[in-house]
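Structural characterization, general
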Amino acid sequence: MEAVVPHEITTELTQILANLVLGDNKIRSNAEQAVNDRLAQTPDLYLLALAQFSITADTEVMRSFSLVLLRRLLFRAAPGQQPREGRLTLYDQLPAHALTTLERLLLHSLSHEPLDAVRRKTVDTVCDLANNSMSRGRPWHALQAQTFSMTQTGEAGFRECAYRLFSGCPNLVMDLQTDAVLTVFRKGLQDSQSVEVRLAALRASVSYLTACDQHQLSQSLSLLYPMLDTLPSLPNIHLKSFLSSLTPLCSSHPSLFVPHMNALLSFLRGLIMPNVDSGPTPTVAKPFPGTSSSFTFPPGGSDSRTPGDSNEGTEDEEKELVRKAALEFMVSLTEAKPTLVKRSEGWTAAMVRASLEGMGELPDDTLDSWLEADPSEDAQDENYPHVYEQSLDRVACALGGKAVLPPAFQYIPSMLANYDWRLRHAGLMAIAAIAEGTSKVMQMELGKVVDLVTPMFKDAHPRVRYAACQCVGQLCTDLEEIIQDRYHKQLFAALIPTLEAPEPRVHSHAAAALINFCEGVEHDTLVPYLDPIVERLLKMLNPGAEDGKVVKGYVQEQAITTLAMVADASQATFAKHYTSIMPLLLNVLRNANSSDHYKLRAKAMECAGLIAIAVGRNVFRADANTLIELLIKIQNSPVDPSDTMLPTFLIATWAKICQALGTEFEPFLPVVMPPLLNAASAKADVSVYDNEDDVSEMREGWETISMDGQVVGIRTSTIDEKCQAFDTLVVYCATLNGRFAPYLTQSLELSLPALKFYFHDGVREAASRLIPLLFSCGKHSGTLTSQMVAASFLQLIHSMRAETDPSFLSSLYKALGDGLRVVGIPALTPDLQAALIEATKHQLQTLADKRKRRAESPEDDREELALLEEVEEFALEDMEKLLKMLDGQHPLLVAVSSVRDLGFNQWDSEEERDSDG
């Protein structure tokens, strides 16, 4: 093919590319700068040179590299853009003739590249170019024609790439006759020569069906038959990929599978149950743990999925991957359309049985290493069957107790009685996994569940006792208050002795379970058990143990955390133990300065703060100055970047001490406020990524969100600290009221813009709570000005007008109402009142439009929509309260009632709400 760029450009680019792939950082950095410089000056020449190089380069590596680089550069932000100009890319700067040449070069690479690996890189680049071109209104008819032509070629590699193109750019076929498209896809799905072609055709079919409108979809239902027919004859090495490719369709279009449920169950059940079904329970099905046998499908046929000469270990690994992929397919379909699965007999039972089987497949020879491991680094070892436990949890949340509890408890009791510790362990973890999703039904049989679980605390195997702690802790969370109220005697009788278990991992986990228990326990229920609990926790905490062994760090950390929670739950009653515990905590804060004790120090701070609140200022006052001096010393010490917990725990502990001391905390404000205001004023640390490929290079501690069509990375630690700082300002201002006056202006200046800090809802919520508290502070101290009030009301009203989240809209109305109660209705000037009414009218119209649209939603969405309307109801209530404050007969009150009437009642009664568990 003749050259499209001057020879000197090609020569220069060849050298730049060669330098880019070198290991020398300096050379590579210079090459990257050279690329940026050339693209800033003549982007069309160098992009075309890259495309040409992808055809003419001698080596596979350089042709592939030029295609990858071209793909990354084409839609990178153009140099020299102003941030508010709208996002232009290098592609947008190319003249029409350059785009035509670029398309021609890539089509040539597509049709002439001899190596499959390089051709796939061409496909990726072509798909990006085609999708972005079409979104800008530039069709690519030549690509459409060439792709259809490639499906007819005799070479499997080219046919595969054709279907890869359809998969990556479904718009190539969306405007064509449906029958023609289905014919081409069926041909690929039935390709007898190449499994790669069939896989690419399957992915293309999934992309097509996902992109179809309702009319096209109704004409394309028959495509599911050849798609599913690709599965039965596949060897395990390929079956996982096919199942994983189909799974997204389960989530996006579950109704497509309705006619196929029986056939799918017959096929998938054989994949998710790897052992011969010898009996009704996992107990019988696996009489000899560690042995396995293959499941043949279709029944009576030869197992074409098992290569005769393959290595047995590899074969087992492939089977396991297939098993997980098949289960994921079933669970995804279940989550997407629970009503379909409930109507399909045997589907739920198969998933539950398979998950229980998988959960029992722990390695049997790892006890010593498990006992020695630090649970914070190895909460469950890498061989733990997370997938099966998570699948059971997801199924329970999707289907509820009526569907899941009967098949689960068909097996769980016999698992708990099994001689194999792994099945006993699995039975307990299974109860923990299903508790959340089945809680409404489980509470009716909770006594039987407790009777099954509590004897397991005396099991001979430590991992079973650990699982019993996990199970009870989870039940206390998912059935909070119910289990604590009804069964506290049985649970305390099991948990308290386990605090003295000989294994650190077990007694530490019993202490952790107590935290969950205390979160839902009544004060009077806890008090009789306080002495034995504290006595045992102190034994865990004190290194001078009777047997002379050094107490493990994670045990001390857990003991301190549990003591804090017990103190919080027992409040003033905890005072009798104060003198035993506070000196120990102060000792930790004095001495735990090395990096391996940072977590212990942080937990000691938290515990000291919670105990101070629990016992009250009169008991705490004697140690208050000592604790404060230690905290000041820690705060002023050189910062160790590796101690990521310190800033968070320090801010939180200061807040707790303020709550404990009340107004006596005022003298310490000059110490605590500068770092707090600094944290509250932090800007979001944000990175904008040119494309999703860059996201994989993100650093730890960052999260991504999609915003205005771009991928935005946010450093979470910074905004979490900012949120905590605002929460602490709320505590200080509420506790000190007028005494907080020196910081009123700064706090208000931070709070008003924070109402629009969209990166963290917690920051916005705290800011909305803080504003009326600052009004009260200013009123009591005589420092509040009319300008402050007007500016605050104006910002609240502007935020109301723009807010799209009904939950925060409710908070804004509440903040304005609370502010008016402090400063009086006259502070809302006529102009502000007019702006408020206009904002309220806008929100009422928005809510009315949303509710009208929802009335047309399918029946399956009603539960989710009812939850949305419940959130909106809070906004309407707070809106109504504010309007009544202004005028008991305000005309907009009728509009509020009208919008409310547009909603629907999802449940006729609370009993019906509970009936599905």
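If you're wondering where the values come from, they're calculated on a predicted model, not measured in any experiment.

Turning next to the overall build of the protein chain. Within the protein chain one finds 43 helices and three strands. Per-residue burial over the protein chain gives 51% buried out of 917 residues. For the protein chain, long-range pairs separated by at least 24 residues make up 73% of all intrachain contacts whose partners lie at least 6 apart in sequence. Total accessible area on the protein chain stands at roughly 41,200 Å², and carbon and sulfur atoms take up 51% of it.

This next bit is on the side chain of S332. Structurally, the position occupied by S332 is in helix α16 (residues 312-336). There is a polar contact of 2.8 Å between the side chain of S332 and the backbone oxygen of E328. Among residues more than four places away in sequence, those in contact with S332 are T247, C250, S251 and R394.

On to helix α31 (residues 598-615), then. With 18 residues, α31 should cover 26 Å at 1.5 Å per step; its first-to-last C-alpha distance of 26 Å lies within 8% of that length. At the C-terminal side of α31, G616 shows a positive phi close to 90 degrees.

Within the secondary structure layout, A501 lies in the loop between α25 (482-498) and α26 (504-519). According to the relative accessible area criterion, A501 is buried, its value standing at 9%. Through-space distance from the C-alpha of A501 to that of P462 is 8.8 Å; in sequence the pair is 39 residues apart. If near-sequence neighbours (up to four positions away) are discounted, A501 is found in contact with R465, V506 and H507.

On to the nonpolar core, then. Core analysis: the biggest nonpolar cluster contains 293 residues, and F257, F620, F665 and F740 have the highest contact counts within it. Ranked by residues supplied to this core, first place goes to helix α22 (residues 421-442) with 13 residues. If sequence neighbours within four positions are ignored, F257 has contacts with L224, L228, L246, L249, C250, L264, F329 and L333. Within the second largest apolar cluster, five residues are counted, among which are W370, L371, Y466 and V506.

Next up on the list: the packing of aromatic side chains. One pass over the structure, following the stated rule, counts 16 aromatic pairs. Aromatic pair F185 and Y208: ring centres 5.6 Å apart, planes at 80 degrees, arrangement edge-to-face. Taken together, the residues span a long stretch of sequence, with F185 in helix α9 (residues 178-189) and Y208 in helix α10 (residues 195-211) at a distance of 23 residues. Joined through ring pairs, the aromatic side chains of F148, Y163, F166, F185 and Y208 make up one cluster. The side chain of R119 reaches across the aromatic face of F158, ending 3.9 Å from its centre.

Next up on the list: the pattern of salt bridges. Side chains that differ in charge, positive against negative, can pair when their charged atoms come close. Scanning the model with the defined rule gives 36 salt bridges in all. Residue D727 pairs with R769 through a salt bridge whose shortest N-O separation is 3.1 Å. Of this pair, D727 sits in helix α35 (residues 716-736) while R769 is found in helix α37 (residues 761-781), placing the two residues 42 residues apart along the sequence. According to the relative accessible area criterion, D727 is partly exposed, its value standing at 29%. According to the relative accessible area criterion, R769 is partly exposed, its value standing at 41%. Residues participating in the shared-partner salt-bridge network are E320, R323, K324 and E361.

Mapped onto the elements of the fold, T89 is located in the loop between α4 (60-74) and α5 (96-112). By relative accessible area, T89 is classed as buried at 2%. Apart from residues lying up to four places away in sequence, T89 is in contact with L74, F75, R76, A77, A78 and R136.

The next thing to look at is unusual backbone geometry. Non-glycine residue E481 carries a positive phi angle of around 75 degrees. Among the structural elements, E481 can be located in the loop between α24 (462-478) and α25. If you check the backbone angles, N737 has positive phi at about 50 degrees while not being a glycine. N737 sits in the partly exposed class, given a relative accessible area of 24%.

In this fold, T454 is placed in the loop between α23 (446-453) and α24. With residues up to four places along the chain from it excluded, the contact list for T454 reads Q490, L491 and A494. For T454, the side chain forms a polar contact with the main-chain oxygen of V450, separated by 2.9 Å.

Turning our attention to the packing of α31 against helix α32 (residues 617-636). In the contact formed by α31 and α32, the axes pass within 11 Å of each other and the chain directions differ by 155 degrees. Taken together, the axis directions place α31 and α32 in an arrangement best described as roughly antiparallel. Seen from above, α31 lies across α32 with left-handed handedness. The segment α31 lies against α32, with R601, M605, A608, A612 and V615 engaging V619, F620, L627, L631 and I634. Each residue belonging to the contact of α31 with α32 can be placed in one class, and the counts come to nine nonpolar, no polar and one charged.

As a further point, take the confidence of the model for the protein chain. Per-residue confidence for the protein chain gives a mean pLDDT of 85, with 87% of residues at or over 70. Across residues 276-310, where pLDDT falls below 50, the model places 65 contacts with residues more than four positions away in sequence or in other chains. For residues 906-917, every residue scores under 50 in pLDDT, and the model assigns this stretch 20 contacts once sequence neighbours within four places are set aside.

Below, the discussion takes up the environment of V527. Mapped onto the elements, V527 comes out in the loop between α27 (523-526) and α28 (530-541). On the accessibility criterion, V527 (27% relative accessible area) is partly exposed. As for V527 and T573, which are separated by 46 residues in sequence, their C-alpha atoms are 7.3 Å apart.

Further remarks concern the packing of helix α39 (residues 806-823) against helix α40 (residues 830-854). Two numbers describe how α39 lies on α40: the axes approach to 13 Å, and their chain directions differ by 155 degrees. In terms of axis orientation, α39 runs roughly antiparallel to α40. α40 is crossed by α39, and the crossing has left-handed handedness. Side by side, α39 and α40 meet where L809, Y813 and L816 of the first sit next to L836, A839, T840 and Q843 of the second.

This paragraph deals with helix α21 (residues 401-416). Bending of α21 peaks at approximately 40 degrees at the position of F409, with proline P413 no more than four residues after it. Among all positions of α21, only G401, V404, L405, P407, A408, Y411, I412, M415 and L416 are buried.

Now for the state of the cysteines. What makes a disulfide is a covalent bond joining the sulfur atoms belonging to two cysteines. Counted according to the given criterion, the structure contains zero disulfides. Left unpaired, C469 is separated from the closest cysteine sulfur, that of C471, by 10.0 Å. On the basis of relative accessibility, which here comes to 1%, the residue C469 falls in the buried class. The closest cysteine sulfur to the non-disulfide-bonded C518 is located on C476, 9.0 Å from its own sulfur.

The rules behind these values
Residues numbered from 1 in each chain as written. Predicted model: local features only at pLDDT ≥ 70, side-chain atom pairs only at ≥ 80, totals over all residues. Heavy atoms only, no water. Helix = DSSP H or I, 4+ residues; strand = E, 2+ residues; numbered from the N terminus. Buried < 20%, exposed > 50% of the residue type's maximum accessible area, 1.4 Å probe, protein only. Contact = heavy atoms within 4.5 Å. Areas by Shrake-Rupley, 256 points an atom, 1.4 Å probe, with all protein chains shown as cover. Polar contact = N/O pair within 3.5 Å; in protein donor to acceptor, adjacent residues only side chain to side chain. Expected span 1.5 Å × (residues − 1). Core = buried A, V, L, I, M, F, W, Y, C linked by side-chain atoms within 4.5 Å. Phe/Tyr/Trp six-rings, centres within 6.5 Å; stacked < 30°, edge-to-face > 60°. Lys NZ or Arg CZ within 6 Å of the ring centre and 35° of its normal. Salt bridge = Lys/Arg side-chain N within 4 Å of Asp/Glu carboxyl O. Axes fitted to C-alpha atoms, helices over the stretch in contact; angles between N-to-C directions. Parallel < 35°, antiparallel > 145°, perpendicular 65-115°, else oblique. Left-handed = near helix turned anticlockwise from the far one by under 90°. Nonpolar A, V, L, I, M, F, W, Y, C, P; charged D, E, K, R; others polar. pLDDT = per-residue confidence, 0-100. Bend = angle between axes of the 7 residues up to and from the residue. Disulfide = S-S within 2.5 Å.

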